[in-house]
Protein chains: 2
Amino acid sequence: MKYEQIMQLALERGFYFPSCEIYSDAPAGFWEYGPSGASLKNKFIELWRRELVRRDRMWEIDGSQVMSQLVFVASGHLSSFADPVITCQKCKSVFRADKLIAEISSIVIPESADLDQFDRTVSEKAIRCPKCRGNFENAKKFNMMFRVGIGPQDEPAYLRPETCQSIFVDFPRLYKTMRGRLPIGVAQIGKSFRNEISPRQSLLRLREFYQAEIEVFCNPNTLDEMERFSDVENTVLYMMIDDVIKPMTCREAYESKVVPNKLVAYYLGLLMEFYQKTGIDTGRSRFRKLGEKEKAFYASVAFDFEVETTTGWLELVACNYRSDYDLTSHGKVSKEKFEVLDDNVKVLPHVFELSMGIDRSLYTILEHSFREDKENDRVVLSLKPYLAPVHVGILSLVKKDGLAEKTEEIFSKMKTRYDAFLDHSGAIGRRYRRLDEVGAPFAVTVDHQTLQDDTVTIRMRDSMSQERIKIPDLDFYLSRSVSYP
Amino acid sequence: MKYEQIMQLALERGFYFPSCEIYSDAPAGFWEYGPSGASLKNKFIELWRRELVRRDRMWEIDGSQVMSQLVFVASGHLSSFADPVITCQKCKSVFRADKLIAEISSIVIPESADLDQFDRTVSEKAIRCPKCRGNFENAKKFNMMFRVGIGPQDEPAYLRPETCQSIFVDFPRLYKTMRGRLPIGVAQIGKSFRNEISPRQSLLRLREFYQAEIEVFCNPNTLDEMERFSDVENTVLYMMIDDVIKPMTCREAYESKVVPNKLVAYYLGLLMEFYQKTGIDTGRSRFRKLGEKEKAFYASVAFDFEVETTTGWLELVACNYRSDYDLTSHGKVSKEKFEVLDDNVKVLPHVFELSMGIDRSLYTILEHSFREDKENDRVVLSLKPYLAPVHVGILSLVKKDGLAEKTEEIFSKMKTRYDAFLDHSGAIGRRYRRLDEVGAPFAVTVDHQTLQDDTVTIRMRDSMSQERIKIPDLDFYLSRSVSYP
């Protein structure tokens, strides 16, 4: 139920909505953030910067989305980042071969299987097009990268399917110029693109989506010498072991070898502390170690950070130990040297990554903050104040008697420092409800008493309680209440 | 000279560098922001949000970069956003027809001329390929949008050539749900893509670039009733009239009809006040009104905001009065209604836009902040403290005697609130120079006296003067000095 409620709220309150929705040919899998969604997203990103990038002294870069074909020759995406598809001979509908076969025949064929295997099963089980009952053509591989042609010569390039590829190819210059030492995290926020065959569920499976990726370059010989480990050693992780979720501290996870080394344990801890501050209920989270067949082709050890939602367990972050897969591959194709000196010993760094889906994280924040307060006939988004799209609503009780002017005056003082929303019209109760629905933690109301004693009421979103405060104290009150932790 | 100096600084200090530079086939016109550049860019964007979006109560959205083909049928880009090109029959090199003809024969043919006209001139003037002396094929139109194919059916869509198209197609939903009134600005920061034939000069002509666009939807009948005009009426604009740059206030520009109405004058004033805060020398800026042939196809009145740099006058913002061009066009193709009620009268809004190039603005900030201080044998980037990639360097005078530990302790306290850079190694003078080159306004140094009396020295980038301050006062000192104006 909640997914639909969030969807409706998103459409009506400016969180998100389909891209190009006024056009009939608009392709699926593309969504827009409206003013509330963009504000929430920007604040989420700032929190990510504070709690991960700055806290761990990472380097944040911002690279091109269109990248050279050779990058994806090296990364393996050009050959391996493809889904098996089957096309109906008659109506030309296209399906993921593995998914359709599993749905119809319950036979599970891994997506990486030989194409023959799909064709044999389609034939043996007489699988036909669910739309028109037509027969299928032979299975094909469909690469999920979007090709773009550069210049009048139409030279091939691709929209990146993950932001981290910029980080790998930029690493030699960064390490040479930025004066860091291993382990060093390099971070990037940006769009990635995947030509999904069946995009669905709004923000949950998009063709164009936001990632926040962190690639930690490390010395594989000193993974247990993580100095900063003590910062997070008592942070609790929910580790899934043999289908059971077991809470344990980072230290316990490391010492019991549930995670392979101190460095990985440290970054899982940082990630957990970040998510605690987003307002997501981390008691409903788990780190799930992926089996050999589930892992991406570049990962040697992988944990998915998943959170329980009404749509099921949702993967928010892929935590992959990519070893030297990427640097070795790029080194081979480009002839660039990726070895660095670490304590005067030459080493080819390994990479541990935290690959975060921003859109899914925002959906989860909305779902976990969503509350139906039936007693008071309202819907409330109990967002963390520092993530709220609107920090404070500034309302006049009535528009006349000079109250509107006084309200505008207060608004003017607040508007560059806070996300303030000025609202004069409609019943005050309805205006409060609307602020509750966008998660505004505070509403300031100007009434007749304001003109006499320079006080306003301030109403708290969650408790609905109100107090009167002096206008000159408002700034201090808000700055304390909406600042990042 | 300065362009090359900035380029070198950019490469060596992590501002920007070519994308995929380790690969030989990397296409031109794509650049990456390194850690210094990304930090500067993020801060520039935050300033833009404060001084334009929040100040003027705009709605900021974040839309898809891949958009439906019909969007560009309606916008005119599919038919009109094309350059005339000629291809050498022999070596297959491609040139902009108008540019090559002008270079070789000094004959100026407008880029929008009929293709015949280029062919005739090529033939009459016997123009040949400058690379191989081959003859040219007939001129063709080359559309500058990047096509992407969606799904296994390869349905056509395009990477947006300007961010504003999302704003236009989203307008009906936004106006319905967000409770605004005309005039209302809708803003967006994001990537746009243009398949330039000759990308050049790093950030100045890119194929993938950042725009910050603001589309102000307004009632064409009340353009002179701009209430907020008084906020900027005394702000000085440098208006170019008959090739002469004349400083005048917004009020003078409006009253003398140098700008067509109060609404336009107001937004030019806001823009000017924003750029004053970026550290760009606005005394070297001008608003240049474009002639009929220079304007984009959708503009009825257009001013370019240009700033003088060593590469010439650089267009940073296109200020276009687009009238009802866009809403009418999208209305026709989509059948969506774009009329809104304004004071109970139905009206089709007009649009005035401020289309800002972020990359060029950042280049200009760097160039205008760049100072060679020969007396002290250093290069200084005198960036505004709130835009500096590094707010403060935190240095130990020497590493031993417990100074390193004390330095780390101070760094730990500062690192989430400020962009702090910890640096232990190398001569202190060299470390200061490096901080000057990334524009860090302050350097804090921990020395032996620190261990005795809990004070540090703080060094000012521009004056190189130093003072001692108590460690507990550092936070207050910095928060005052690096906060946004």
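Structure's up top.
Since the model is a prediction, treat every value here as computed from it, not as a measurement.

**Some thoughts on the overall build of chain A**
When its secondary structure is counted, chain A shows 15 helices and 26 strands. Looking at the 485 residues of chain A, the share that counts as buried comes to 62%. Taking as baseline every contact in chain A between residues at least 6 positions apart, the subset at least 24 positions apart corresponds to 65%. Working note: accessible area of chain A is about 19100 Å², and carbon and sulfur atoms make up 47% of it.

**Section: a nonpolar patch on the surface**
Side chains of Val73, Leu78 and Val333 of chain B sit close together on the surface and give an oily, nonpolar patch of about 190 Å² of accessible area. Structurally, valine 333 of chain B is set in helix α10 (residues 325-334).

**A look at the pattern of salt bridges**
Where side chains of opposite charge bring their charged atoms close, a pairing between them can arise. Residues and elements named next belong to chain A. All told, the structure shown has 78 salt bridges over all chains when counted by the stated rule. Note that lysine 191 and glutamate 208 form a salt bridge whose closest N and O atoms lie 2.6 Å from each other. Of this pair, lysine 191 sits in strand β10 (residues 184-193) while glutamate 208 is found in strand β11 (residues 208-218), placing the two residues 17 residues apart along the sequence. The burial state of lysine 191 is the same as that of glutamate 208; both residues are buried. Via salt bridges that share partners, Asp83, Arg96, Asp98 and Glu111 belong to a single interconnected network.

**Overview of the side chain of arginine 360 of chain B**
Residues and elements named next belong to chain B. Note that arginine 360 resides in helix α11 (residues 358-369). At a separation of 2.9 Å, a polar atom in the side chain of arginine 360 contacts the main-chain carbonyl oxygen of leucine 204. If we ignore the near neighbours within four places in the chain, the residues touching arginine 360 are Leu203, Leu204, Arg205, Leu314, Glu315 and Leu316.

**A few points about the interface of chain B and chain A**
Contacts between the two partners involve 89 residues from chain B and, on the opposite side, 89 residues from chain A. Regarding the contact of chain B and chain A, the summed buried area is about 7400 Å², with carbon and sulfur atoms giving 53% of it. When the area that chain B buries against chain A is broken down by residue, the three leading residues are Ile22, Tyr23 and Arg179 of chain B, summing to 10%. A salt bridge links lysine 41 of chain A to aspartate 62 of chain B, with the nearest nitrogen and oxygen atoms 2.9 Å apart. Connecting chain B to chain A are 42 residue pairs in polar contact (both at pLDDT 80 or more). Top element by residues in the side of chain B that touches chain A is helix α2 (residues 35-54) of chain B. It accounts for eight residues. Across the side of chain B that touches chain A, the residue classes break down as 38 nonpolar, 22 polar and 29 charged.

**Considerations on the sheet that holds strand β22 (residues 392-396) of chain A**
Residue and element names in this part refer to chain A. Read from one edge of the open sheet, five strands run β23-β22-β24-β25-β26, paired in mixed fashion. Across the chains shown, the open sheet's two edge strands, defined by having one partner strand only, are β23 (420-423) and β26 (466-470). Taking the axes of each pair of neighbouring strands and ignoring which way they run, one obtains an average angle of 25° across the sheet. Where strand β24 (residues 442-446) lies against strand β25 (residues 455-460), four bridges are found, and the strand directions are antiparallel. In the sheet register, phenylalanine 442 faces β25, and the bridge partner there is methionine 460. Strand contacts of helix α15 (residues 471-482): β22, β24, β25 and β26, with the helix running at about 120° to β26, the strand carrying the most contacts.

**Looking at helix α1 (residues 2-12) of chain B**
All names here are of chain B. Looking only at α1, the buried set comprises Tyr3, Gln5, Ile6, Met7, Leu9 and Ala10. Contacts made by the buried residues of α1 are with β1 (16-18), β2 (31-33), α11, β20 (370-373), β21 (378-381) and α13 (428-437). Just downstream of α1 lies glycine 14, where phi reads positive at about 75°.

**Points about the environment of asparagine 376 of chain B**
All names here are of chain B. Tracing the backbone shows asparagine 376 in the loop between β20 and β21. Here asparagine 376 falls in the partly exposed class, since its relative accessible area comes to 28%. Here the alpha-carbon distance between asparagine 376 and arginine 173, two residues 203 residues apart in the chain, equals 58 Å. At 2.9 Å, the side chain of asparagine 376 forms a polar contact with the side chain of aspartate 373.

**Observations regarding helix α12 (residues 403-414) of chain A**
Residue and element names in this part refer to chain A. Given a rise of 1.5 Å per residue, twelve residues ought to cover 16 Å, and the 17 Å separating the end C-alpha atoms of α12 matches this to within 8%. Looking only at α12, the buried set comprises Leu403, Ala404, Lys406, Thr407, Ile410, Phe411 and Met414. Mapping the buried residues of α12 onto a view down its axis gives an arc of 160°, with all of them on the same face. Across α12 from its buried face, at more than 90 degrees, point the exposed residues Glu405 and Lys413. Residues of α12 that are buried sit in contact with β22, β23, β24, α14 (448-453), β25 and α15.

Thresholds applied
- Every chain is numbered on its own, with residues counted from 1 as its sequence reads.
- Chain letters start at A and ligand numbers start at 1, both assigned in the order the entries are written.
- Where totals are concerned, whole chains, interfaces and linings use all residues; where local detail is concerned, this predicted model gives features only for residues with pLDDT of at least 70, and gives and counts side-chain atom pairs only at 80 or more.
- No hydrogens and no water enter the side-chain calculation; it runs on all heavy atoms of the structure.
- Comment: elements are numbered from the N terminus, with helices defined as DSSP H or I runs of at least four residues and strands as E runs of at least two.
- Between buried and exposed lies partly exposed: a residue is buried under 20% and exposed over 50% of the maximum accessible area for its type, with that area taken using a 1.4 Å probe on protein chains only.
- Residue contacts are counted whenever heavy atoms from the two residues lie within 4.5 Å of one another.
- The protein chains shown are the only cover counted for residues, whose accessible areas, like all others here, come from Shrake-Rupley with a 1.4 Å probe.
- By definition, no residue in a patch forms a salt bridge, and every one has over 30% relative accessible area; like charges are joined within 9 Å, nonpolar side chains (Val, Leu, Ile, Met, Phe, Trp, Tyr) within 5 Å.
- Any carboxyl oxygen of Asp or Glu that lies within 4 Å of a side-chain nitrogen of Lys or Arg is treated as forming a salt bridge with it.
- The term polar contact refers here to a pair of N or O atoms within 3.5 Å; inside protein, the definition further demands a hydrogen-donor-capable atom paired with an acceptor-capable atom, and it admits residues adjacent in sequence only when both atoms are side-chain atoms.
- By convention, the term buried area covers the 1.4 Å-probe accessible surface removed from two parts as they join, with the contributions of both added.
- Ten residues, namely Ala, Val, Leu, Ile, Met, Phe, Trp, Tyr, Cys and Pro, are considered nonpolar, four, namely Asp, Glu, Lys and Arg, are considered charged, and the remaining ones, Gly among them, are considered polar.
- In short, DSSP must find at least two bridges between two strands for them to pair.
- Axis geometry follows a simple rule: fit a line to the C-alpha atoms, using only the stretch in contact for helices, then measure angles between N-to-C directions, giving values from 0 to 180 degrees.
- An expected span of 1.5 Å times one less than the residue number is assigned to each helix.
- Arc definition: directions from the helix axis to the C-beta atoms.

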